[in-house]
Each structure stands twice: as structure tokens, then as C-alpha cells.
Amino acid sequence: MRETITPARSVSGAIQLPGDKSISHRYGMLAAIADGASTITNYSTGADCQSTLCCMQALGADIERGTGTVSIRGRGLDGLRGPAGMLDAGNSGSTIRMLSGILAAQRFDSSIGGDESLSRRPMERIMKPLAAMGASLEAREGRLPPLTIHGRPLHPIEYTLPVASAQVKSCVLFAGLHADGKTTVHEPVRTRDHTEIALREFGADVDVIQRSISVTGRARLEARELTVPGDLSSAAFFLVAALIVSESDLVIRGVGLNPTRTALLDFLAGMGAQVKILEVAQTGGELIGDIQIRKSAVRGGTLEGDRTAALIDEIPVLAVLGAASENGLVVRDASELRVKETDRIQTIADNFRSMGLEVEVKPDGFELPGRQHFRAAEVQSFGDHRIAMAFSVAALAADGPCVVEGSEAASVSFPEFFDTLRRVTQ
Ligand code: S3P
């Protein structure tokens, strides 16, 4: 699909966003291995989180999708059953990596794969710790999906993550949930902690001491009624849109404000953005609140080290902001971007060049001068949801209408993106 985006004068009004993708995956998986019926309100409408539900359904969970709510009757920790065919994770790295931790501990064999993009993403990072727990996994060329998983009883381990990855941490903790004893993961930097919070919500015994997280295995999980906060990573597109389009004043309601995710708001504020948190509450152990953003002069900056890891999903749209900022943006320590849904360093650079912008590509990031002129152009999603949405935002500040080719990719995390964008742009 091709979406035409015309330049905007203002991004204003109030919006609400679909449920957080990361939290939805975790609730979907944990509800399926809990005892009883869970109800999840504002479950992500994105295709990735639907892939998780389809996998859990194929494993025997009873799932009903209502308007705005998903009901999941779980099968208990040992109640999943062998799927009839290959499990399909679609485009979703979270689904394949986190679910593998559960599959490795089952009494049945299974295989799980996905689309062309997912089939290129590295899986050694989960295969290594799972093998240390006694799991038996095979992968294409020893490291790529699809995975064949021979379920067997696992033993607890203590594991230090070589790369900062919440997906890998979650995979090991989910496997540990099935092992007899205490499994501990040590993180090099603190990554999003939705798994720790969700495990506790479902009744598991989780200890967190600084960057070490332990789960005690064999606990019985109990069904819950939960509400998923709006996705801050989806909000990022609208925050940047409001910052680069004159006369903007936007409120985003009910957004997840978990402190392991809000580095985005700190980074924006540090660059000079007028961003305010209006009201904060708690739901299911997660913080949720409203964010107000106004058009502001943004200075630009440098993203490196731990901050890069904390903002990894937001870098495509922060790049757009960087090119429009006073002093530009330098991104370092971001080689993980090369193994996301696309090689995002390359796809960001390709689209910028199509729009006539200057960008210097490095092995682990890029450098963008500031105050750049965005020329009307045809840009590509390359099948990557965050690239589709980031460059739709760039198009709002272009000197004429732009076409986003492959715009349907946005539906991987945010099917309502273009409708929402049309509602707030004038
Ligand atoms: C996610 C973790 C991050 C992030 C992804 C979602 C999660 O991936 O980029 O979009 O929900 O745990 P990594 O674990 O590969 O860093």
C-alpha cells in the first residue's frame, strides 16, 4: 500500500493509543499458562501481538477477542498441548524469543518460525542460555528461525546477558518459571522490566536486586484482570510530529510510563522539548499517565551507551527529530539496530537520502547535521513498521506531499496509525 502524506501546519488535539506491545505479549503468554480466565483490556491491536495470541491458541489456550478486550482461559503451567503444525510468530521477534522459553520446557516438541524478516534475525542469544538449562533446540544454519524445540525438563541457571535484551531476559525467566529452583538473570544495563512486573501480577515469586532478576520455578500462576497502558513507543511518533510541526499542542492520554521506558521523555526534555506529564496512576504494577507536548525549538544531541539501549525502538523517529533540530543528532553504540525488523541504520539512511538529507553512516550508528531541509519524495517502509511511521512523520515537515510505499507495515504494531495521524494533523 502507498500512503500520501501532505505537509502539516499543526499537530493538535487529544489522542489515545493502542495497548503497549511489550506488555501485551507478556500478558498474552502468561495468561495462557495461568490457571483460570484472564481478561485483558486494551490489548495491542498490532499484528505482532495477534501472532502471540494465535500461537497461544495453537498451544491449547482458549482465547476470545472482544471489542477492546481479550479473554484468555489459561491451561496452567503444565497444561499446554503440542501444536498441530508450525507456530507462526509472523514478524515478531518478541513472540519467537520469549515463547521459546516456555516451549523449551514442555513435554512435547514444537517448531516456530515467521516471515522473511524474522527468518533473518539472530536466535543464538536465546539458544545459548536455554541449552545451558538443558533444552534441546535446532535452528536453520544453527542460528536462524525456524526453530525446532524438543521440550524437556529444565534446570535453573544463573545467566549473565552478553547483550542488553529484554526479550532474552524474558525468555530465560519464562523458562525458569518451569524449572525446579531459582533462575537468575544478570543484565549489563537495566532493560524494560515488564516481565518482572507481569510475573508478579500473575503471582510468581520474583526478586530484583539491582540488575539481577530471579524467578522461583514451579509457582502456580493465577488468572488476572488487567489493562494494558497505551504504547509509549507508538506515542513517540506523535511526540516528534508535534515537535517538528509549527503550532502543535497535543495530549496523549493513558500512556505507559514505566521508568524503564521513559528515557524517551527525558531525552526530549533534555533537548529542549516542552513535554509535560499531566497525571499518573498505576495499573497492574505499571505506571500510566497523560503526556502533553508543544511545538518547541529542539537543540539536538548525542545518543550513546546505556541511553542508546534504552531508546533503541525510538531511534528511527528520533533521527527525524535530529535532522530537524538545531544541532543535529549523533547515534553511537547502536549496532543492535542492524538486527531489528530491518537493518535500521541502512533503512533510515536510505530514506533520508531520498528526501535530500545528509547522513553519515557508521558501523554502530549515524551522524545527522541539524536544520536540514526535508524534500518531498517517495520513501519506503522496507516492510518495517517503525520505518513506515518515522518517515510518515518526516513527511509532515517536507516541502510537498510524500508517498510512503509499503505503509501497511505500520500495522505490525499500530494499525490505527494513519487514521490517528489524519485526526490530529491540519
Ligand atoms: C522488546 C525488547 C526490545 C525491543 C523490542 C521489544 C520487549 O528488543 O527492541 O521492540 O518487548 O522485550 P531486544 O530484547 O532485542 O532489545
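A brief structural summary. (Residues numbered from 1 in each chain as written. Predicted model: local features only at pLDDT ≥ 70, side-chain atom pairs only at ≥ 80, totals over all residues. Heavy atoms only, no water.)

### Here we look at the environment of Thr 52
Line of reasoning, step 1. Mapped onto the fold, Thr 52 is located in helix α2 (residues 47-58).
Line of reasoning, step 2. Sequence separation between Thr 52 and Asp 88 is 36 residues, and the spatial gap between their C-alpha atoms is 8.5 Å.
Line of reasoning, step 3. The residues contacting Thr 52, other than those within four sequence positions of it, are His 25, Met 29, Tyr 43 and Thr 95. (Helix = DSSP H or I, 4+ residues; strand = E, 2+ residues; numbered from the N terminus. Contact = heavy atoms within 4.5 Å.)

### Re the sheet that holds strand β14 (residues 225-227)
Line of reasoning, step 1. In spatial order, the strands read β4-β5-β3-β14; together these four strands make up an open sheet with mixed pairing. Every other strand in the sheet has two partners, leaving β4 (62-65) and β14 as the edge strands with one partner each. Direction aside, neighbouring strands of the sheet carry axes that sit 15° apart on average.
Line of reasoning, step 2. Relative to strand β5 (residues 69-75), strand β3 (residues 35-41) is paired through seven bridges, and the arrangement is antiparallel. Considered in β5, the bridge of Thr 39 is made with Ser 71.
Line of reasoning, step 3. Where helix α1 (residues 21-32) meets the sheet, it contacts β3, β5 and β14, and its direction lies at approximately 35° from that of β5.
Line of reasoning, step 4. Where α2 meets the sheet, its contacts fall on β4 and β5, and the angle it forms with β4 comes to roughly 145°. (Pairing = 2+ DSSP bridges. Axes fitted to C-alpha atoms, helices over the stretch in contact; angles between N-to-C directions.)

### Brief notes about the pattern of salt bridges
Line of reasoning, step 1. Across all of its chains, the model carries 33 salt bridges by this definition.
Line of reasoning, step 2. Between Glu 201 and Arg 224 there is a salt bridge, with the nearest N and O atoms lying 2.7 Å from each other. Here the residue Glu 201 occupies a position in helix α6 (residues 194-201), and Arg 224 occupies one in the loop between β13 (212-216) and β14, the gap between them amounting to 23 residues.
Line of reasoning, step 3. When salt bridges with common partners are traced through the structure, they connect Lys 169, Glu 187, Arg 190, Asp 193 and Glu 196 into a single cluster. (Salt bridge = Lys/Arg side-chain N within 4 Å of Asp/Glu carboxyl O.)

### Digging into the side chain of Arg 125
Line of reasoning, step 1. Here Arg 125 shows up in helix α4 (residues 124-132).
Line of reasoning, step 2. By relative accessible area, Arg 125 is classed as buried at 16%.
Line of reasoning, step 3. A polar contact of 2.9 Å, which involves the side chain of Arg 125, links it to the side chain of Glu 336.
Line of reasoning, step 4. Those residues within four positions of Arg 125 in sequence are excluded, and the remaining contacts are Arg 97, Val 163, Val 168, Glu 336 and Val 339. (Buried < 20%, exposed > 50% of the residue type's maximum accessible area, 1.4 Å probe, protein only. Polar contact = N/O pair within 3.5 Å; in protein donor to acceptor, adjacent residues only side chain to side chain.)

### Focus on the environment of His 25
Line of reasoning, step 1. Here His 25 is to be found in helix α1.
Line of reasoning, step 2. Overall, the relative accessible area of 0% leaves His 25 in the buried class.
Line of reasoning, step 3. Setting aside its immediate chain neighbours within four residues, His 25 contacts Tyr 43, Asp 48, Cys 49, Thr 52, Ser 92, Ser 94, Thr 95 and Met 98.

### Some details on the site of the ligand
Line of reasoning, step 1. In the neighbourhood of the ligand, 14 residues make up the surrounding shell, with Ser 22, Arg 26, Ser 165, Asp 313 and Lys 340 lying closest.
Line of reasoning, step 2. Note that an oxygen atom of the ligand is positioned 2.6 Å from one of the side-chain N or O atoms of Asp 313.
Line of reasoning, step 3. Contact with the protein chains removes 93% of the 380 Å² of surface that the ligand exposes when unbound.
Line of reasoning, step 4. Most atoms of the ligand, that is more than half of them, are within 2 Å of grid points of the largest pocket.
Line of reasoning, step 5. If you list the elements that add at least two residues to the shell around the ligand, you get α1, α3 (93-103) and α5 (166-178).
Line of reasoning, step 6. The element contributing the most residues to the shell around the ligand is α1, with three residues.
Line of reasoning, step 7. Residues belonging to the shell around the ligand are distributed by class as follows: three nonpolar, four polar and seven charged. (Near = heavy atom within 4 Å. Areas by Shrake-Rupley, 256 points an atom, 1.4 Å probe, with all protein chains shown as cover. 1 Å grid on protein atoms, 1.4 Å probe; cavity = no way out; pocket = protein on both sides within 12 Å on 5 of 7 lines; lining within 4 Å. Sits in = over half its atoms within 2 Å of the grid points. Nonpolar A, V, L, I, M, F, W, Y, C, P; charged D, E, K, R; others polar.)

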